[in-house]
Amino acid sequence: MSTTTLRGATVPLKPQPATAMGSPWIWARANLFNSWLSTAITLVLGYLVVRFAVGVIEWGFLNAVWSVPTRADGTADTSACLNAKGIGACWAVIHDKYRFILFGRYPYEEQWRPAICIALFIALFIVSGMRRFWRRELAWIWLGTLTAIGVLMWGGVLGMQFVPQDSWGGLPITLILSTFGLAFAFPLAVLVALGRRSTQLPAVKMICVVYVELIRGVPLVSLLFMASVMFPLFLPEGINIDKLLRAQIAIILFAAAYLAEVIRAGLQALPKGQGEAADALGLSYWQKTARIILPQALRLVIPPLVNTFIGFFKDTSLVLIIGIFDLLTAGKVAISEPAWQSFATEIYIVLALVYFTFCFAMSKYSRGLERDLDRARSR
Amino acid sequence: MSLTQTTSRNVRVAPPGDVPAIVLDKVNKWYGLMHVLRDVSLTVAQREKVVVCGPSGSGKSTMIRCINRLETHQQGSIVVDGTELTDDTRALDTVRREVGMVFQSFNLFPHLTILENCTLAPIWVRKMPKADAEELAMSYLSRVKIPEQAKKYPGQLSGGQQQRVAIARALCMKPKIMLFDEPTSALDPEMIKEVLDTMIGLAEDGMTMVCVTHEMGFARQVADRVVFMDRGEIVESGPPNELFENPKTDRLQLFLSQILRGH
Ligand SMILES: Nc1ncnc2c1ncn2[C@@H]1O[C@H](COP(=O)(O)OP(=O)(O)O)[C@@H](O)[C@H]1O
Ligand SMILES: [Mg+2]
């Protein structure tokens, strides 16, 4: 009953069936216990969920060891944890190692600097996420923040001790690789996607096609290896590009190829009439692209774009294999100490939670953004 | 609509020395092996109104789209207001500024408000200050009788309203020539009149118009000349009454009987 009047005559409104309305009891009866089979499934699954939840609470909270004493030689006395193994989590390992996991081998007394960097990154993400700040000035905010992060991490000025890049580690590395990675890969991807659809410049189109197909055809791991091992062989003697930068470039190139395909899908989905209308009004190619084509094409592909972003945020952990100390590597090294060796589970749970927090925030944000953009259009 | 009213209308040909608005000379175009425009020659005088009709697939859209180079022709020449259309992008810019186009499917920009749709080109192509562009847009939106919708988005408007916005958007560039490609074919019957009325008003103001349409009433009322196309050729052309009352070719006769049956 979507209409109340039909050619002026009033049609009585039929009330919505009760099942669709609020009451949880009615909902449960209609959806969980509507036949003996569904009742059986509901009971079995319910039992499993409860069992699992009880197990998690017992292991993670009730029987967990939160801290352990330190021996005279400075190492941790983990016997309490070892006794609880299997029945309770050893959160003491996190307590003992969290600074190492977060900051890697960055000098201990200087770790306030990467801590500030993490805060700066998060602030930058939040500011960039707010549509109110979507203006030209945002580029300057990015430039300023990233410069500040570079200065803080390296130091050597303003009385800060110089910290070489190979001592950096942990979460800042993950954030640097993914933020710089996507910040450079995204505009590159837009250009590649546009180039691949170019009808006027066949040479540009060829280059873009070859680039995408080549990069997509090899695993990221092999690109990282090439960046870390082979690339320096091509450089003249004495020139040494920092290992992190090489990995960063590999990630940018890899991400851009994938993002370009996502963006191309958006360009293709846009009705041809949009570009034609812009042409007919006399807009130049770049005016048309910036004001008509991209805003609509990118809006269409927000879900797969965010999907790719999330994938790359996690893929930065592959730098582990070329010895860059990102969050995952730091976690892995943290448990190489004999006393803590048997508590990998706890470490990986915490690492997973950190990754999850960032990825979930991205996913949640993108859904909100889609909703906002749709609402703005139909207000 | 009375016969006398339309027959008494004179073809207002441009004063001598004035260049014609549009000259197509032996224009040929192929899509692959398909020959879609065959030796199309057509001269449109300044302030003349030409209606193009013909069966579907006869090349009407292709011809009209060649005039502002949304399609490129392969042989012959097209001169718009003294500027020949070639690969030269400067010539293209000049022509596109002078030629406005209205599409069958409106093609409004759905992510911009009605006002922004209208001010976009004046601001970015004509480099007009934003306030002036908005004032201009509001004056044209008033002319097409929808100033109160300026802050809405295209998706919130009816088809007829959207098409009137599309006309206003094109007019905001102050074109000398307006091209219409079946502007009312995508509309519900009750909305056709509001769009045609807008176009009639435009014609009365002396705009040069080339209009692909099957609205015979509109053609009789407004057109100085009707051009009938079939299979990529201009088969017949002449004043509307002459053409509709005394078709010389079988093809036009067949076409007219078909649309009259359809209406
Ligand atoms: N982009 C295109 N590629 C190939 N063929 C096309 C294209 N556009 C139109 N055609 C063909 O050209 C012919 C003329 O089309 P069109 O100008 O759209 O006709 P009309 O507008 O008179 O219906 C048709 O046979 C159509 O199928
Ligand atoms: Mg057509």
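Structural notes, computed from the coordinates.

The rules we used
Along every chain, residues carry numbers that run from 1 in the direction the sequence is written. Chain A is the first chain written and ligand 1 is the first ligand written, with later ones labelled in order. The predicted nature of this model means local features are confined to residues of pLDDT at least 70 and side-chain atom pairs, given and counted, to a pLDDT of 80 or more, with totals for whole chains, interfaces and linings taken over all residues. Each side-chain value is derived from all of the structure's non-hydrogen atoms; neither hydrogens nor water enter the calculation. Helix and strand assignments come from DSSP, with helices taken as H or I runs of at least 4 residues and strands as E runs of at least 2, each series counted from the N terminus. The globule rule used for comparison is 2.2 Å times the number of residues to the exponent 0.38, while the radius of gyration itself is calculated over C-alpha atoms. For each residue, the accessible area found with a 1.4 Å probe, counting protein chains only, is set against the maximum for its type, and the residue is called buried under 20%, exposed over 50%, and partly exposed in between. Between any two strands, pairing holds if DSSP finds at least two bridges. Interaxial angles span 0 to 180 degrees and are taken between N-to-C directions of axes, which are lines fitted to C-alpha atoms, for helices over the stretch in contact. A helix is expected to span 1.5 Å multiplied by its residue count minus one. Think of the arc as the fan of directions from the helix axis to the C-beta atoms. The cut-offs work like this: below 35 degrees is roughly parallel, past 145 is roughly antiparallel, 65 to 115 is roughly perpendicular, and the gaps in between are oblique. For a crossing to be left-handed, the near helix must be turned anticlockwise from the far one by less than a right angle; the clockwise case is right-handed. Only heavy atoms enter the contact rule, under which two residues are in contact if any of them lie within 4.5 Å. Each residue is assigned to one class: nonpolar for Ala, Val, Leu, Ile, Met, Phe, Trp, Tyr, Cys and Pro, charged for Asp, Glu, Lys and Arg, and polar for all the others, Gly among them. Salt-bridge detection follows one rule: a side-chain nitrogen of Lys or Arg within 4 Å of a carboxyl oxygen of Asp or Glu.

Check the secondary structure of chain B and you find ten helices and ten strands. What you see for chain B is a C-alpha radius of gyration of 18 Å, in line with the 18 Å of a compact globule of 263 residues. Projecting the C-alpha coordinates of chain B onto the three principal axes gives extents of approximately 55 × 45 × 40 Å. Per-residue burial over chain B gives 56% buried out of 263 residues.

We now examine the sheet that holds strand S9 (residues 225–230) of chain B. Across a sheet, strands are paired by hydrogen bonds formed along the backbone, either parallel or antiparallel in direction. All names here are of chain B. The sheet built from six strands is open, its strands ordered S6-S7-S8-S3-S9-S10 with mixed pairing. Edge positions in the sheet fall to strand S6 (99–102) and strand S10 (233–238), since each has one partner strand and no second. Averaged over all neighbouring strand pairs, the angle between strand axes comes to 20°, with direction disregarded. Strand direction decides the pairing type here: strand S3 (residues 49–53) and S9, joined by four bridges, are parallel. The residue of S9 that forms the bridge with Val52 is Val227.

This brings us to helix H5 (residues 112–129) of chain A. Residues and elements named next belong to chain A. The first and last C-alpha atoms of H5 sit 26 Å apart over 18 residues, in line with the 26 Å expected at 1.5 Å per residue. Among the residues of H5, those classed as buried are Arg113, Pro114, Cys117, Ile118, Phe121, Leu124, Ser128 and Gly129. Taken down its axis, H5 places every buried residue within 150° of arc, on the same side.

Two faces, one strand: in a regular strand the side chains alternate between the faces of the sheet. Residue and element names in this part refer to chain B. Of the pairings in the sheet, the one linking strand S1 (residues 22–31) to strand S2 (residues 34–44) comprises seven bridges and is antiparallel in character. Bridge pairing in S2 places Trp30 opposite His35. The turn joining S1 and S2, which pair antiparallel and follow one another in sequence, is formed by two residues; a positive phi near 60° is taken by Gly32.

Moving on, we get to the packing of helix H9 (residues 220–234) of chain A against helix H10 (residues 243–269) of chain A. Residue and element names in this part refer to chain A. It is the contact of H9 with H10, at a shortest axis distance of 9 Å, that shows an interaxial angle of 140°. Judged by the angle between their axes, H9 and H10 are oblique. Between H9 and H10 lies a crossing of right-handed hand. Contacts between H9 and H10 involve Leu220, Leu223, Leu224, Ala227, Ser228, Phe231 and Pro232 on the former and, on the latter, Arg246, Ala247, Ala250, Ile251 and Phe254. In terms of residue class, the contact of H9 with H10 is made up of ten nonpolar, one polar and one charged.

Moving on, we come to the pattern of salt bridges. Enumeration according to the criterion identifies 24 salt bridges over all chains in this entry. Note that A:Arg113 is salt-bridged to A:Glu110, the shortest N-O span being 2.7 Å. As far as the burial class goes, A:Arg113 and A:Glu110 line up, both buried. The closest approach of N and O atoms between B:Arg65 and B:Glu71, which form a salt bridge, is 2.9 Å. Take B:Arg65: its relative accessible area is 11%, and that puts it in the buried class. We classify B:Glu71 as buried; its relative accessible area is 14%. Counted as one network, the salt bridges with shared partners bring together A:Arg196, A:Glu213, A:Arg216, A:Glu261 and A:Arg264.

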